[in-house]
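# Inside the fold
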Amino acid sequence: MTLLLETLKPYLLPLIRVLVVFLGISLIVAYLVYAERKILAHLQVRLGPMRVGPHGLLQPIADGLKLLLKEDIMPAGADKGVFLLAPVISVIAAFTAFSLIPFAPNFYITDVNVGLLFLIGISSLGILGIILGGWASNSHYPLLGALRSTAQLVSYEVALGFALVSALLLAGTLSMVAIVEAQQRQGVWFVFLQPVAFFILFVAAIAETNRNPFDLPEAESELVAGFHTEYSGFRFSLYFLAEYAAMILVSSIAVTLFLGGWLRPFARVRALDFLDFTPVAVLVLAAAWCFRECFRYPATREWRWQRLLLLGLGVGALGISAGLLLPARFLPGGGEGLPAFPALTAIQGVFWFMSKVFLFLFGFIWFRGTFPRYRFDQLMSLGWHFMIPVAIANVIFCSLAIVLSRQMGWGLPATLWLGTAATLLVAALLRREKA
Amino acid sequence: MMFAQGSFYVLAAVAVVSALLVITRRNPVHSAIYLIVTLLSVALLYLQLQAEFIAAVQIILYIGGIMVLFLFVIMLVKLDVALRQPPFNQQWWVAGAAALVLAVELVGVIYLGRGTAALPQAPPGSLQPNTELIGRTLYQNYMLPFEIASLLLLVAMVGAVLMARRKAS
């Protein structure tokens, strides 16, 4: 027994991490769908899901059950093997990529010295799922959706690649952990040095994940539902899972490269150290909201379960925040060599990383609620005639700036802003030429 | 060591078998899928040789780029016609004979030279900065050949666009 434990020991911790990441991402996806419905509803002055649980909080579970129990339909002329395989490819690609994301300095599955390249490679496998699914359905609209998706992804991958190169020029490494450490060392998030690259990455990320305003592959007014028109039930939910996981993935990449990954805002300013208590504040606020809603609900029998659930959530949030504030000296052994609040310090990285990711995800949803959809030729023209030239100009000017600052001893930020100004000039000229 | 060898043989077998399936399937989309499997297992072989950079680039370029475009084009082909056509033409036995000769030659050369050209052992252990090494080699030691190659590719690309345009107009 001990021998077995000894041999398994090196695999145990990574395995637990894999499990945590897998379950965590699945949970976030479920509640991301809920958040999307809620936010879209509030943007349109509606309420959104309200019935299942308090404020519809249990809606994702109901949705999941519905999808699992639905009939699994396969079109008569479909290519069976490929039809079954395609959504699995998408899901596997989306989830495998998370193994390279550094959620915190003490929580990542693996760090490879070509991490970013691998991420791009694995996430580009996901598109195979879309193409094959669209083709195997043997139906018009899925095929058109798949074709659009391919053209769109191939076009925007170029701009995305150049935007990544701009950030890599500053980091000087491809390892995801080392990229964040480079930002820590230089004391600045790369978004402030490379705003243009960040913007291009953001737009390209929206296009890569087929989100509005670039959601032409599944434009419901033209293509029913695009590449997954013929999918139903469980297989459809796989595509759904893959799409939302891909959203989280591109947000994580952007956060790691440009927004300082797990770093707290102003990580070097000691005067702002009270920001370390933000997780506790967030939890207490959530608990306060739960209690308030609990008292606002009608005190009748039908609402009893809802009120109990809210009460439980509030107490749970308070309990967790109390756990986070557990001082080190109450631990067995007096907490020698531990920081003042060990639990709080331990979740610091993950908290800030996920907060930034959620900021991104909110942006995704916000755009869906506000922007009209592009036409396909507009999309292509934007990609090829604007994004790619600007991205290339940005790489050229910023590498020039880096070389200049090294040779002449100029300050790096100022020189980079000069390069950014030159890029913006090019962008303005491009816009003018088109008009 | 056992694990490394075992995984090498598994990957190699997958690569060879799926390569065979690429040329024997009638449905071009199935061929493309098997080609993807082949390329993936070759990428994993690179990974086993601790060439992470090449493995990543293999996946990005061949699978994420070229195979996606392949599938894009295949989807536009009328499949009913392709399914009825025989996958091999009259010259298959010539090609087979040539491949056999080449295989015999390769095996012979490797067998004869096994004493003189001993393969170096891969250094055991950790990650090496192989991106940096490749970058240095390409952009410092072999700058001129690299630039010539990229110029050649550029010319080929411009030529391809030109030919496509002429046909359309």
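A quick note: this is a predicted structure, and the numbers were derived from the prediction, not measured. (Residues numbered from 1 in each chain as written. Chains lettered and ligands numbered in written order. Predicted model: local features only at pLDDT ≥ 70, side-chain atom pairs only at ≥ 80, totals over all residues. Heavy atoms only, no water.)

### A short note on the overall build of chain A
The condition that has to hold: Numbered from the N terminus, helices here are DSSP runs of H or I no shorter than four residues, and strands are runs of E no shorter than two. A radius of gyration in this sense is built from C-alpha atoms; the matching globule rule multiplies 2.2 Å by the number of residues raised to 0.38. Only protein chains enter the calculation, and the probe is 1.4 Å; a residue is then buried if its accessible area is under 20% of its type maximum, exposed if over 50%, and partly exposed in between. Contacts are assigned to residue pairs that have any heavy atoms within 4.5 Å of one another. With residues, only the protein chains shown are counted as cover, and all accessible areas are computed by Shrake-Rupley using a 1.4 Å probe. His residues and chain termini do not enter the charge count, which takes Lys and Arg as positive and Asp and Glu as negative. By convention, the point assigned to a charge is CZ for Arg, NZ for Lys, CD for Glu and CG for Asp.
Helix and strand content of chain A: 15 helices and zero strands. Over its C-alpha trace chain A gives a radius of gyration of 24 Å, about what one expects of a compact globule, namely 22 Å for 435 residues. By principal-axis analysis of the C-alpha atoms, chain A measures approximately 65 × 65 × 55 Å. Per-residue burial for chain A yields a buried fraction of 49% across its 435 residues. The contacts in chain A between residues at least 6 apart in sequence include a share of 75% that link residues at least 24 apart. With an accessible surface of roughly 21200 Å², chain A has 71% of that area assigned to carbon and sulfur atoms. Computed over 30 positive and 23 negative side-chain charges, the separation of the two mean positions in chain A equals 8 Å.

### Thoughts on the domain arrangement of chain B
Counted only if it meets this: Where each domain begins and ends follows an automated or database-derived domain assignment.
Looking at chain B, the domain boundaries give domain 1 (1-82) and domain 2 (130-169). Here the C-alpha centroids of domain 1 of chain B and domain 2 of chain B sit 24 Å apart.

### A look at the interface of chain B and chain A
Where we set the bar: Buried area: the accessible area, evaluated with a 1.4 Å probe, that two parts lose upon being put together, summed over both parts. Salt bridges are identified by distance alone: a Lys or Arg side-chain nitrogen within 4 Å of an Asp or Glu carboxyl oxygen. We call two N or O atoms a polar contact when they sit within 3.5 Å, provided that within protein one can donate a hydrogen and the other can accept it, with sequence-adjacent residues counted only if both atoms are side-chain atoms.
The interface of chain B with chain A comprises 27 residues on the first partner and 24 residues on the second. Interface area, chain B with chain A, both sides summed: about 2100 Å², of which 83% is carbon and sulfur. On the surface where chain B and chain A come into contact, there are zero salt bridges. Counting the contacts that link chain B with chain A gives zero residue pairs in polar contact (both at pLDDT 80 or more). Secondary structure elements with two or more residues in the side of chain B that touches chain A: helix 2 (28-48), helix 3 (52-76) and helix 6 (130-141) of chain B. The element that contributes the greatest number of residues to the side of chain B that touches chain A is helix 3 of chain B, accounting for 15 residues.

### Thoughts on the domain arrangement of chain A
All names here are of chain A. According to the domain assignment, chain A consists of domain 1 (2-265) and domain 2 (270-325). In this structure, domain 1 and domain 2 have C-alpha centres spaced 30 Å apart. Facing eight residues of domain 1, the contacting portion of domain 2 comprises eleven residues. Summed over both sides, the interface between domain 1 and domain 2 buries roughly 730 Å², with carbon and sulfur atoms accounting for 61% of that surface. Taken as a group, Pro54, His55 and Arg264 account for 71% of the area that domain 1 buries against domain 2, more than any other trio of residues on that side. There are zero salt bridges connecting domain 1 and domain 2. Counting across the domain 1 and domain 2 interface gives two residue pairs in polar contact (both at pLDDT 80 or more).

### Details of the nonpolar core
The condition is simple: The definition of a nonpolar core used throughout is a set of buried Ala, Val, Leu, Ile, Met, Phe, Trp, Tyr and Cys residues joined through side-chain atoms within 4.5 Å.
Of all hydrophobic cores here, the largest spans 131 residues; its most connected members are Phe98, Ile101, Leu116, Leu119, Ile248 and Phe258 of chain A. If near-sequence neighbours (up to four positions away) are discounted, Ile101 of chain A is found in contact with Tyr108, Leu119, Met176, Leu249, Ser252, Ile253 and Phe353 of chain A.

### Looking at the packing of helix 10 (residues 233-258) of chain A against helix 13 (residues 342-370) of chain A
All names here are of chain A. Quick note on the threshold: A fitted line through C-alpha atoms represents every axis, and for helices the fit uses only the stretch in contact; the resulting angles, taken between N-to-C directions, go from 0 to 180 degrees. Each angle is binned into one of four classes, with values under 35 degrees roughly parallel, values over 145 roughly antiparallel, values of 65 to 115 roughly perpendicular, and all other values oblique. Should the near helix be turned anticlockwise from the far one by less than a right angle, the crossing is left-handed, and should it be turned clockwise, the crossing is right-handed. Residues are grouped as follows: Ala, Val, Leu, Ile, Met, Phe, Trp, Tyr, Cys and Pro are nonpolar; Asp, Glu, Lys and Arg are charged; every other residue, Gly included, is polar.
Two elements in contact, helix 10 and helix 13, have axes whose closest approach is 9 Å; the angle formed by their N-to-C orientations is 125 degrees. As summarised for this structure, helix 10 and helix 13 are arranged oblique, according to the angle between their axes. Here helix 10 and helix 13 pass one another in a crossing that is right-handed. Counting all contacts with helix 10, which are made through Tyr244, Met247, Ile248, Val250, Ser251, Ser252, Ala254, Val255 and Thr256, the residues of helix 13 involved are Phe353, Lys356, Val357, Phe360, Leu361, Phe364 and Arg368. Grouping the constituent residues of the contact of helix 10 with helix 13 by class yields eleven nonpolar, three polar and two charged.

### Comments concerning the state of the cysteines
Counted only if it meets this: Pairs of cysteine sulfur atoms within 2.5 Å are what we label disulfides.
Applying the stated rule across the entire model yields zero disulfides over all chains. As a non-bridged cysteine, Cys290 of chain A has Cys294 of chain A as the owner of its nearest cysteine sulfur, 8.7 Å distant.

### Thoughts on the packing of helix 5 (residues 140-171) of chain A against helix 3 of chain B
Between helix 5 of chain A and helix 3 of chain B, the least distance of the axes is 11 Å, while the angle of their chain directions is 150 degrees. Accordingly, the angle class assigned to the pair helix 5 of chain A and helix 3 of chain B is roughly antiparallel. Here the hand of the crossing between helix 5 of chain A and helix 3 of chain B comes out left-handed. In this structure, helix 5 of chain A uses Leu143, Leu147, Thr150, Ala151, Val154 and Glu157 of chain A to contact helix 3 of chain B, whose residues at the interface are Gly64, Val68, Leu69, Phe72, Met75 and Leu76 of chain B. Here the contact of helix 5 of chain A with helix 3 of chain B is built from residues that sort into nine nonpolar, two polar and one charged.

### Quick notes on helix 8 (residues 195-208) of chain A
Residue and element names in this part refer to chain A. Cut-off, in case you're wondering: One less than the number of residues in a helix, times 1.5 Å, gives the span that helix is expected to have.
Between the first and last C-alpha of helix 8 there are 20 Å, a value that for 14 residues agrees with the 20 Å anticipated at 1.5 Å per step. Summarising burial for helix 8: twelve of the 14 residues are buried, a large majority. Trailing helix 8 by a residue or two, Asn210 shows a phi angle of about 55 degrees, which is positive.

### What about the pattern of salt bridges?
All names here are of chain A. If you walk through the whole model with that rule in mind, you get four salt bridges over all chains. Where Arg368 meets Glu36, a salt bridge forms, and the shortest distance between an N and an O atom there is 2.6 Å. Linking Arg368 in helix 13 with Glu36 in helix 1 (residues 2-43), this pair joins segments that are 332 residues apart in sequence. For Arg368, a relative accessible area of 39% puts it in the partly exposed group. The buried category is assigned to Glu36, whose relative accessible area is 2%.

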